[in-house]
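Results of the structural survey
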Amino acid sequence: MSSSHPSVDAVVVGAGFGGLYALHCLRQMGFSALCFEAGDGVGGTWYWNRYPGARCDVESMQYSYSFSEELDQEWTWSEKYSPQPEILAYANHVADRFDLRRDIRFETRVVAATFDEARALWTVETDRDDRVEARFVIMAVGCLSAANKPPFEGMDDFKGPIYHTGEWPKEGVDFTGQRVAVIGTGSSAIQSIPLIAAEAKALTVFQRTPSYTVPAYNAKLDPDYVARVKAGYPALRAKARSRPTGFYFPFNAQPALEATPQERQRQYEEAWARGGLPFLGAYGDLLFNKQANDTIADFARGKIRSIVEDPATAALLSPDNVFGCKRLCVDTDYYATFNKPHVRLVDVSKTPIERFTAEGVVVAGRTYPADAVVCATGFAAMTGSYDKMRITGRGGLTLAEKWAAGPRTYLGVASAGFPNLFMVTGPGSPSVLASMIQAIEQHVDWMVDLMAHMRDVGARSFEPKVADEDQWVAHVNEVSQVSLRSTCSSWYVGTNVPGRPRVFMPYIGGFPVYVQKCNEVMDTGYDGFVLDGTETTGNAPPEVRLTKRWHVPLDMDVISPAMLAAKRVPVV
Ligand code: FAD
Ligand code: NAP
């Protein structure tokens, strides 16, 4: 029998870093919660992506939760960029330390969520026939969690195994003595190719678009360095939050074209020698000014030519698009791997993969024999995991219908017509353009605060106003146009998967700018939202709870007032 009482206050979908933190915060604030996770363990990205070489590209001492000083002090990362098993162990440690598992149902996929307007409750259904009623649903389903598996013709005929990097077998794969084909040359391919090449008898890499990649210079962490960082962890976390990316690294705000060619060369060499994503912080205008970008792109192509011995292969590996337009990759020995005699690069930019046969992969009528194929073909990013569920809001409208021409949210956190449904790092929030764990923590803190506020004032439902959502969508779009990042085809704009609308999905205005906007909304009594069908006044009622407010001064060495005015916040 139905009543207007939910069985839990909130259902959380997903037990990656987002879902785990949501569970923790909900409990802290006295809400009951139940989490469903499709996998049989916690960790999300780090549970699914077990391919050889998988590791983070934001330094581990920053790619970790910041909410608990005790956790920061007791956990010790072993490497600058720790490998997937260690990040997964960390997620498991967090789940145990904060006793989160008892509220997680594993191997259970949410297939539908339906809002009952009269009772202001969601009914959540799973593939194990659960039906749970909840006042709130927190979607922590991940931005890079729905594998993109291009339906190549003849895949079923292939006689060997076909793997996807984002759904890698738990037991691992031994490629020793095998002929392996890798499809794709994005971050996952670039991390795995050198290690697959080390095992395989022959490796063929099918490249549609070359990526820019910068050396990681990964290394074991020196215990003295770790101790120093731990001694000043709160200060480092604060500095990180004030950066457009939500993580801290040396950054030079000077425009590239103000430097002489010799100065630029020196600057790029120094930045290359430090390696990693901070390479893109060599100058402040690299993602706004095509001429400036050409200088770093030329430098990177020079590096490729200096490493790859065969000029034709070097040319094929050299991107001609904007440097950093697609997500910059970070590698260990990627380019040098193409100097090995058993590694071959096949260009599929003009002649796409035709089909699979029992023997291998066919391009332009030629069969490239393989014993195993690795699809490093990425994800239906940002919205892919939402698309897999039937989410029905007010008036029977589904989220898929509403988002048919591209996702629409207010602040990336909620969507009009879908009351009481939160999205962790949803489209329209900085999400993948920030260090994700910081972005997750900020989002979850903000959401749970809104829930607590609603409890305080006796509200049953919240929802963004259409006008504010429209303005936010327009703003996200406008800001993206200022950046060169919007100029190429990438998963940021959805075009990596055929048939998806071209929309720049993450908010590129910078993490602290975004956080200030969220704070403003909170300070004004949730301006832009309706609570129980009533517009908020725009004046903060005294009850507004600001328990988890994020303090994020802008780092003015990196974000100048002029940049802000021109919406040219440099996001690396
Ligand atoms: P996820 O970790 O993706 O977790 C979502 C969970 O939801 C998954 O476990 C999934 O099974 C579950 N789920 C989805 N739909 C359903 C459903 N319907 N029912 C039940 N469960 C469901 N970010 C960085 O900032 N730095 C990095 O260095 C970095 N490296 C990365 C490396 C790789 C290989 C990849 C793929 C991504 C990387 N990212 C990185 C981004 C990474 O996704 C985030 O940092 C972070 O782990 C996301 O956490 P999440 O909880 O939001 O999502
Ligand atoms: P990706 O960057 O989207 O790369 C997918 C690759 O597959 C691209 O080279 C793409 O070519 C190719 N591809 C897709 N469909 C194809 C087809 N039909 N035929 C031929 N080639 C095809 O995916 P990803 O490498 O998994 O990375 C996704 C994101 O996850 C990254 O950008 C990053 O944010 C995160 N990640 C991070 C790390 C890390 O270093 N920490 C590692 C892995 C992933 P096109 O470019 O032409 O589309």
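On a predicted model such as this, the values are computed, not experimentally measured, just so you know. Every residue gets a number counted from 1 within its own chain, in the order that chain's sequence is written. All chains are assigned letters beginning at A, and all ligands numbers beginning at 1, according to the order in which they are written. Totals for whole chains, interfaces and linings use every residue, but because this is a predicted model, local features are given only for residues with pLDDT of at least 70 and side-chain atom pairs only at 80 or more, for both listing and counting. Excluding hydrogens and water, the side-chain values take into account all heavy atoms of the structure.

Look at helix 14 (residues 436-457) against helix 16 (residues 511-523): their axes get within 11 Å of each other, and the N-to-C directions meet at 5 degrees. By the angle between their axes, helix 14 is roughly parallel relative to helix 16. Contact residues: helix 14 offers Gln-438, Ala-439, Gln-442, His-443, Trp-446 and Asp-449, while helix 16 offers Phe-511, Tyr-514, Val-515, Cys-518, Asn-519, Val-521 and Met-522. The residue makeup of the contact of helix 14 with helix 16, split by class, is eight nonpolar, four polar and one charged. Axis lines are fitted to C-alpha atoms, over the contacting stretch for helices. Their N-to-C directions set the angle, which ranges from 0 to 180 degrees. The way it works is that DSSP assigns letters per residue, a run of H or I at least four long becomes a helix, a run of E at least two long becomes a strand, and they are numbered from the N terminus. Oblique is the label for every angle not falling under 35 degrees (roughly parallel), over 145 degrees (roughly antiparallel), or within 65 to 115 degrees (roughly perpendicular). Whether two residues are in contact is decided by their heavy atoms: any pair within 4.5 Å suffices. Throughout this entry, Asp, Glu, Lys and Arg are counted as charged residues, while Ala, Val, Leu, Ile, Met, Phe, Trp, Tyr, Cys and Pro are counted as nonpolar. The remaining residues, Gly among them, count as polar.

Moving on, we come to the state of the cysteines. What is meant by a disulfide is a covalent connection between two cysteines, made through their sulfur atoms. Two cysteine sulfur atoms form a disulfide, by the criterion used here, when they sit within 2.5 Å. For the structure on display, the rule yields one disulfide. Covalent S-S linkage joins Cys-325 and Cys-488, the inter-sulfur distance amounting to 2.3 Å. On the sign convention where negative is left-handed, the bridge of Cys-325 and Cys-488, at about -115 degrees about the S-S bond, is left-handed. Taken together, the residues Cys-325 in the loop between helix 10 (311-317) and strand 11 (329-331) and Cys-488 in the loop between helix 15 (466-482) and helix 16 connect sequence positions 163 residues apart. There is no split in this pair, since Cys-325 and Cys-488 are both buried. Between Cys-56, a free cysteine, and Cys-329, which holds the nearest cysteine sulfur, the sulfur-to-sulfur gap is 15 Å. With a relative accessible area of 4%, Cys-56 lands in the buried category. Each residue is placed in one exposure class: buried if its accessible area under a 1.4 Å probe, protein chains only, is under 20% of its type's maximum, exposed if it is over 50%, and partly exposed if it falls in between.

Attention shifts here to the pairing of strand 2 (residues 33-36). Burial along strand 2 is two-sided: the face carrying Ala-33 and Cys-35 and the face carrying Leu-34 and Phe-36 are both buried. Criterion used throughout: strands pair if DSSP finds at least two bridges between them. Note: strand 1 (residues 8-13) against strand 2, four bridges, orientation parallel. Among the inter-strand pairings, Val-11 is bridged to a residue of strand 2, identified as Leu-34. Handedness of a crossover is defined as follows: orient the strands so they point away from the viewer, and if the path from the first strand over the helix to the second runs clockwise, the crossover is right-handed. Following the backbone out of strand 1, through helix 1 (residues 17-28) and into the adjacent parallel strand 2, one traces a crossover that is right-handed.

So, on to the site of ligand 2. Proximity criterion: a residue is near a molecule or strand once any of its heavy atoms comes within 4 Å of it. Contacts to ligand 2 come from 23 residues, most closely from Arg-55, Ser-188, Thr-209, Lys-326 and Trp-491. In protein, a polar contact means a hydrogen-donor-capable atom and an acceptor-capable atom, both N or O and within 3.5 Å, with residues adjacent in sequence counting only if both atoms are side-chain atoms; elsewhere, any N or O pair within 3.5 Å suffices. One nitrogen or oxygen atom from the main chain of Arg-55 is found 2.8 Å from a nitrogen atom belonging to ligand 2. Only the protein chains shown count as cover for residues, and the accessible areas themselves come from Shrake-Rupley with a 1.4 Å probe. Contact with the protein chains covers 88% of the free accessible surface of ligand 2, which is 900 Å². Counting residues per element, the shell around ligand 2 draws most heavily on helix 5 (residues 187-199), at three residues. For the shell around ligand 2, the residue count by class is nine nonpolar, nine polar and five charged. Source of the domain bounds: an automatic or database domain assignment. Residue contributions to the shell around ligand 2 reach at least three from each of two domains, namely domain 1 (4-145 + 381-568) and domain 2 (147-212 + 324-378).

Within this scheme a cavity is a closed region of a 1 Å grid, computed over the protein atoms alone, that accommodates a 1.4 Å probe without allowing it to escape, whereas a pocket is open but has protein on both sides within 12 Å along at least five of seven lines; lining residues each have an atom within 4 Å of a point. Grid points are joined across faces, edges and corners, and a volume is the space filled by probe spheres set on the points. Estimates place the volume of the second largest pocket at around 420 Å³. Glu-59, Gln-62, Tyr-225, Tyr-248 and Pro-250 are the residues nearest the centre of the second largest pocket, which is lined by 20 residues in total. Elements with a minimum of two residues in the lining of the second largest pocket: helix 6 (223-231) and helix 7 (233-241). Among the residues forming the lining of the second largest pocket, the class breakdown is 13 nonpolar, two polar and five charged. Here the lining of the second largest pocket spans two domains, since at least three of its residues come from each of domain 1 (4-145 + 381-568) and domain 3 (249-311).

Around ligand 1 sit 33 residues in total, of which Gly-18, Glu-37, Thr-45, Asp-57 and Tyr-63 are the nearest. Between Val-110 and ligand 1, the recorded distance is 2.9 Å, taken from a backbone N or O atom to a nitrogen atom. Out of a free accessible area of 980 Å², ligand 1 has 95% covered by protein chains. Counting only elements with at least two residues in the shell around ligand 1, the list comes to helix 1, helix 2 (45-48) and helix 14. With three residues, the single largest contributor to the shell around ligand 1 is helix 2. For the shell around ligand 1, the class distribution of residues is 19 nonpolar, eleven polar and three charged.

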